[in-house]
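# Structural characterization, general
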Amino acid sequence: MTGPPTAIDREVTMSGAAQDAGIAGGDGTPAGDVPGPAVAWRVTAFDALGGEELDAWHRLRAGNPMLDSPYFHPGFAAAVHATGHPVRVVVGRDRHGRVCALLPCHRERSLLRPAGWPAADFQGPVLAAGAPFPPLRLLGGGVRAFAFDHLLEGYPDFEPWVESRRASPYLDVSGGLDGYLGRASRSGRDNMAQARRRTAKAERTVGPVRFVAESLDEAGLDRLIELKRRQYAATGVRDYFADPRHVALVRRLLRTREGSFGGVLSTLHAGPHLIAAHFGIRSEKVLHWWFPGYDPEFGALGPGWMLLRELVAAAPALGIERIDLGRGDDEYKRRAKTGETRVCQGLVTRNPARRALRRARDLAISAAKSSVLGPRLRGAVRRLRALTR
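Predicted model, so just to flag it, every value in this text is computed and none were measured.

### A short note on the overall build of the chain
Within the chain one finds twelve helices and 14 strands. By sequence separation, contacts in the chain at least 24 residues apart represent 73% of the contacts at least 6 residues apart. Counting every atom, the chain has about 17,200 Å² of accessible surface; 53% of that belongs to carbon and sulfur.

And the structure:
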């Protein structure tokens, strides 16, 4: 983050010695106790975090079940920072000097965004369950707003700035394919049965079907990126991989193994052909479904469903109990899901005019998307979204 110090930087109420010792006031409170509310704040570059802060990050996340997504693991912020998109971390400490809150973010002039934007599918501060986080502390020193589009529901202090909420579906895959089928909707079961039949058809008409749950094949990842870029071009969606930092990010994550955190590339071949692939990230028992793709030449086989079925079946061997599909209205997500969480969109700002402009923009986007001309208005929707960011 560049520019003058923010209000957070200036509002440090403890002495440097107290920070180093991990206590304040000399009362000897053990640093391992559950921290209290933050009374002191600072912002630091991710690579300037010390061992105490990283240990607190892991400890706070492990103690808060709502933060089990790999997006809340420090390894994700580390990979983003290392691939050219600088990450700054807002660090809060309680009256005893203990780290009690961390929020990784990017700064774009006067705007803060969550680290990993625009592809961070879950966002929010890392803190103890039920602990407060005052969003207005993010403003000041030239920072006028904090924008979020996938804030995990469950941060009550952000409620005044939430403008909308959307579903983020998931698959409960504990027990593997049999366990999933016992929880899935009729539509989900039907599509999985169809995927099984189409796998048999691919065996007969294309060649032996081979699934690799965890591949380290960089050529396979490059082919998936190529397929995604074709898909973006065909559908008019902004090309995420046009930014070389994003290509570098997924390549780095493919090689990352930090405990249970890292990238996961899954591939499905029929004969010599890579017909579908997926790249996601995982941490502990959660896999995030991030970049799926398939070869349109084999689209009639429904290779995406074939791949998803194989991954669900492999979940027990991988130690996976939940696959988060991410926010979206895709038909396959609605059919496959066994449940959903909610993510929020909004803007923390002291400027009511800016919030009103965003609401007007969102109404215009909603009208454009629901119009019969919706497919022709994708460019206009993208330009509207660029406003008031």
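### Some details on the packing of aromatic side chains
Inspection of the entire model under this criterion finds 16 aromatic pairs. On the basis of an interplanar angle of 85° and a centroid distance of 5.9 Å, the ring pair of F148 and F158 is categorised as edge-to-face. A residue pair is termed long-range when its members are at least 10 positions apart, and F148 in strand β6 (residues 145–152) and F158 in the loop between β6 and β7 (162–172) qualify at ten residues. The exposure class of F148 is buried, given its relative accessible area of 3%. Chaining the aromatic ring pairs together yields one cluster made of Y71, F76, Y232, Y240, F241, F279, W290 and F291. Over the ring of W117 we find R113; its NZ or CZ atom is 3.8 Å from the centre of that ring.

### Some points on the pattern of salt bridges
Going through the model one piece at a time under the given rule, you end up with 24 salt bridges. A salt bridge links R93 to E53, with the shortest nitrogen-to-oxygen separation between them at 3.7 Å. Here E53 lies in helix α3 (residues 51–62) and R93 lies in strand β2 (residues 88–93), a separation of 40 residues in the sequence. Here the two residues R93 and E53 agree in accessibility, since each one is buried. R245 serves as the salt-bridge partner of D243, at 2.8 Å between the closest nitrogen and oxygen. The network of salt bridges with shared partners includes R42, E52, E53 and R93.

### Remarks on helix α6 (residues 186–205)
Spanning 20 residues, α6 covers 28 Å between terminal C-alpha atoms, matching the ideal 28 Å at 1.5 Å per step. Those residues of α6 lying buried are G188, N191, M192, A195, T199 and A202. Along the axis of α6, the buried residues cluster in a sector spanning 100°; they form a single face. Of the exposed residues in α6, those oriented more than 90 degrees away from the buried face are R186, R204 and T205. Where the residues of α6 are buried, they touch α5 (176–183), β8 (209–215), α9 (303–318) and α10 (331–336). With its phi angle positive at about 150°, G207 sits one or two positions after the end of α6.

Rules and cut-offs
Residues numbered from 1 in each chain as written. Predicted model: local features only at pLDDT ≥ 70, side-chain atom pairs only at ≥ 80, totals over all residues. Heavy atoms only, no water. Helix = DSSP H or I, 4+ residues; strand = E, 2+ residues; numbered from the N terminus. Contact = heavy atoms within 4.5 Å. Areas by Shrake-Rupley, 256 points an atom, 1.4 Å probe, with all protein chains shown as cover. Phe/Tyr/Trp six-rings, centres within 6.5 Å; stacked < 30°, edge-to-face > 60°. Buried < 20%, exposed > 50% of the residue type's maximum accessible area, 1.4 Å probe, protein only. Lys NZ or Arg CZ within 6 Å of the ring centre and 35° of its normal. Salt bridge = Lys/Arg side-chain N within 4 Å of Asp/Glu carboxyl O. Expected span 1.5 Å × (residues − 1). Arc of directions from axis to C-beta.

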